[in-house]
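Single-letter residue listing:
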Amino acid sequence: MIAQNVWQALGRPGFLCSGWLLRSVGYLTVSGLTGLLTLVVALLLLSVGGLLAVVVVGIPLLGAIALLGLPVAGIERWSLRMIDARPVPDAHRTPPRPGPASWLRTRFTESVTWRELGYAALLMLVLWPIDLLAVILGLTVPLALLATPLLLATVGEGQQVNVLKAYPVTSWPAAFATCAAGLVALVACAYGLGLLAGSRGALARFLIASPVSPLGDRITELTRSRLRLVDAFEAERGRIERDLHDGAQQRLVALTMMLGMAWLDAPAGPLAEQLTRAHDEAERALVELRELIRGIHPPVLTDYGLDAALVDLAARSAIPVDVHLALPQRFSRPIESTVYFVVSEVLSNMAKHSGADHGEIFGGYSHGRLVVTICDNGRGGADVGAGTGLLGLGDRVSVVDGRLSLSSPLGGPTQIVVEISCQPLPDSE
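Notes on the structure follow. (Residues numbered from 1 in each chain as written. Predicted model: local features only at pLDDT ≥ 70, side-chain atom pairs only at ≥ 80, totals over all residues. Heavy atoms only, no water.)

1. Description of the nonpolar core
Inside soluble globular proteins, nonpolar side chains tend to come together where they are buried. Threshold: Put simply, buried Ala, Val, Leu, Ile, Met, Phe, Trp, Tyr and Cys residues joined by side-chain atoms within 4.5 Å make one nonpolar core. For every residue, the accessible area (1.4 Å probe, protein chains only) is compared with the maximum for its type, and the residue is labelled buried under 20%, exposed over 50%, or partly exposed between those bounds. In this text, helices come from DSSP runs of H or I with a minimum length of four residues, and strands from runs of E with a minimum of two, each type numbered from the N-terminal end.
If you look at the biggest cluster of nonpolar residues, it comprises 35 residues, and the most contacted ones within it are Val 343 and Leu 370. The dominant element in this core, judged by the number of residues it contributes, is helix α13 (residues 333-354), at 9 residues.

2. Quick notes on the packing of helix α2 (residues 20-52) against helix α8 (residues 172-208)
Operational definition: To define axes, lines are fitted to C-alpha atoms, for helices over the stretch in contact only, and angles between the resulting N-to-C directions are given on a 0 to 180 degree scale. Between 65 and 115 degrees an angle is taken as roughly perpendicular, under 35 as roughly parallel, over 145 as roughly antiparallel, and anywhere else as oblique. For a crossing to be left-handed, the near helix must be turned anticlockwise from the far one by less than a right angle; the clockwise case is right-handed. Throughout, a contact is declared for two residues whenever any of their heavy atoms are within 4.5 Å. Throughout, the ten residues Ala, Val, Leu, Ile, Met, Phe, Trp, Tyr, Cys and Pro are labelled nonpolar, Asp, Glu, Lys and Arg are labelled charged, and all others, Gly among them, are labelled polar.
The N-to-C vectors of α2 and α8 enclose an angle of 55°; their axes lie 9 Å apart at closest approach. As the angle between them shows, α2 and α8 are arranged oblique. As for the relative orientation of α2 and α8, their crossing is left-handed in sense. On α8, the residues that touch Leu 21, Ser 24, Val 25, Tyr 27, Leu 28 and Ser 31 of α2 are Ala 190, Leu 193, Gly 194, Leu 196, Ala 197, Arg 200, Gly 201 and Ala 204. Looking at the contact of α2 with α8 residue by residue, the class counts come to 9 nonpolar, 4 polar and 1 charged.

3. Some details on the pairing of strand β4 (residues 359-366)
For a regular strand, side chains alternate in direction, first toward one face of the sheet and then toward the other. Quick note on the threshold: Strand pairing is defined by DSSP finding a minimum of two bridges between the two strands. Handedness of a crossover is defined as follows: with both strands directed away from the viewer, a clockwise route from the first strand across the helix to the second makes it right-handed.
Pairing analysis gives 6 bridges linking strand β3 (residues 321-326) to β4, with the strands arranged parallel. The residue bridging Asp 322 from the neighbouring strand is Glu 360, located in β4. For the crossover from β3 across α13 to β4, the handedness is left-handed. By the bridge criterion, 8 bridges tie β4 to strand β5 (residues 369-376) in an arrangement that is antiparallel.

4. Let's talk about the pairing of strand β7 (residues 414-421)
Here β7 lies mainly inside the structure; 6 of its 8 residues are buried. Inspection of the sheet shows β5 paired to β7 by 8 bridges, in the antiparallel sense. The partner of Leu 370 across the bridge, within β7, is Ile 420. In this antiparallel pair of consecutive strands, strand β6 (residues 402-407) and β7, the connection spans 6 residues, and Gly 411 shows a positive phi of 95°.

Structure below.
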């Protein structure tokens, strides 16, 4: 079985002859040079930003120090592939909107950004000298010991050579003994570099990798599949609405017109009465079909947004309902549809069960949350398990990462709050 990382390679007898030793040396070299470069850049940003801070220009430079972990982590993810075949996924979120402001807001509010900054600080202050010193000593000491006989024969002319500038060797037995010690040092340094590279890689992976368990991956995938189902359901709802509007409704309109023309041409008598009744039934069916189309997906919601749709919904309510909403933004179709149909169902329950003579809808959007509250002055006592459909409404809201809460003490009032974590559409601001 092929080794997948340096730890597996260290446990096999062929480590010295494999490419994992060179991979370990390369990884430590890249890490050391990255830490040194990061230290230089941080000092430059700190000094220049500190000097220019009095004229405000230096403040962005000082703020850029907090983002040093991003390129350092990017280089680390690339270099980790030298010693570990397992990928290190980027845990950063995609900004909700294009532009530098949204990107900066997202990065500064992510925990992974600060973990990466912590790793960058550790690398530039502590780890990079260790990495470079280990590579330099791990390569030069064994090679210098191994080359002692050659140096004694050439540079020392068979008389004396100073090994590592410190230990004099004046005889051939001593030179070959030093060469043998070099073989031992080569093995020890090779495994030492492998162990150091493996430990450094594990530390880097712990600090910059996303802490997601297999269960977390499963939950993430289930959440994504649920959102895909919601989008598919909304698309299918829109297709049915278009088919009814452009197909069945137009045929009913044509049928109503034909019956009206036939009634005008028919002589007075039983036939005219039958045509009149047929014309009236066709008109009622047309009205019901229009209400059905509006219930599937109201055109006002598509054309003008959630606030206008809720105002229209309140105007058609059986009891007076005041609307106070501040929604300058548009939201995605699943979110707007969810809020609309929840409010529609609540208003229907209010008219049937609450005994209220007045209701109110209010809310708005702030700090990444859409909040809509529906309340009435009825008798209260609403219960999720009483068959009023509130449990189903809560499930529907949860599909779009929201929450529905109910407050309905006996004697009233009843208040239902819908909260959804979301972002407005980019072109709605």
